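Inside the fold
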Amino acid sequence: MGRKITAICVLTALLLLPLAGCGRDKQGENRVTGVPSDVPQQTKEPSLFPIEVTEITYYTLSEELETVEVTSVLTGSVDMTPRELAEYVAGTMGDVSVTVSISDVTVEDANLVVDFKEDSEPARYANARLESAILDALSQSLLDNFTDYSGIIFRVGGEAYRSENRNFEMDYVYMGR
């Protein structure tokens, strides 16, 4: 919603800019002025829309519920945290009717720990193939975008990861570098 309003304001300003000179007195238009002694230098390429653009690559689920790589363009200054990226990736899975709820994303040693809520996929209601796709998508997304971390650990409700299909030890590194 905020992006639409910003875009409408910028477009309106661009459309009204030529009208700013209407009705101006044109008598002094042919006046000769001296040559400027100091010409300012442009350091950047001029842009109609000076908006910073950031591309991120992440993994999500396809219509066939398999892991797929996606590149997304985000506008504005984007400094995404591991938790924000994990929640973003989990949110994209809703497009294929998969509900992944993340309680928290923390750092332990050099690993990211993703803690799922107990009553959501992948811990519940997911077959082994779907569970693997969800865990892989989250792991690959986090490792690709945050190079400071060496592995991904999954937990459910703050405890060791337990699902209908898998059981991991408390500090089991699901995917690492």
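A short tour of the structure in this document, coming up. Not measured: the values here are computed from a predicted model.

The next point concerns the packing of aromatic side chains. Summed over the entire model, instances satisfying the criterion amount to eight aromatic pairs. Relative to Y88, the ring of Y58 has its centre 5.2 Å away and its plane inclined at 80 degrees; by these criteria the two rings are edge-to-face. Remark: Y88 occurs in helix α2 (residues 82-92) and Y58 occurs in strand β1 (residues 53-61); sequence separation between them is 30 residues. Assessed through its relative accessible area of 6%, Y58 is described here as buried. Overall, Y88 belongs to the partly exposed group, its relative accessible area being 29%. Geometrically, the ring pair formed by F116 and F154 is stacked, given 5.5 Å between the ring centres and 25 degrees between the ring planes. Here F116, found in strand β4 (residues 111-116), pairs with F154, found in strand β5 (residues 151-156); they are 38 residues apart in sequence, far enough to count as distant. Among the aromatic residues, ring-to-ring pairing joins F116, F154, Y161, F168, Y172 and Y174 into one connected group.

What counts as what
- Residues numbered from 1 in each chain as written.
- Predicted model: local features only at pLDDT ≥ 70, side-chain atom pairs only at ≥ 80, totals over all residues.
- Heavy atoms only, no water.
- Phe/Tyr/Trp six-rings, centres within 6.5 Å; stacked < 30°, edge-to-face > 60°.
- Helix = DSSP H or I, 4+ residues; strand = E, 2+ residues; numbered from the N terminus.
- Buried < 20%, exposed > 50% of the residue type's maximum accessible area, 1.4 Å probe, protein only.

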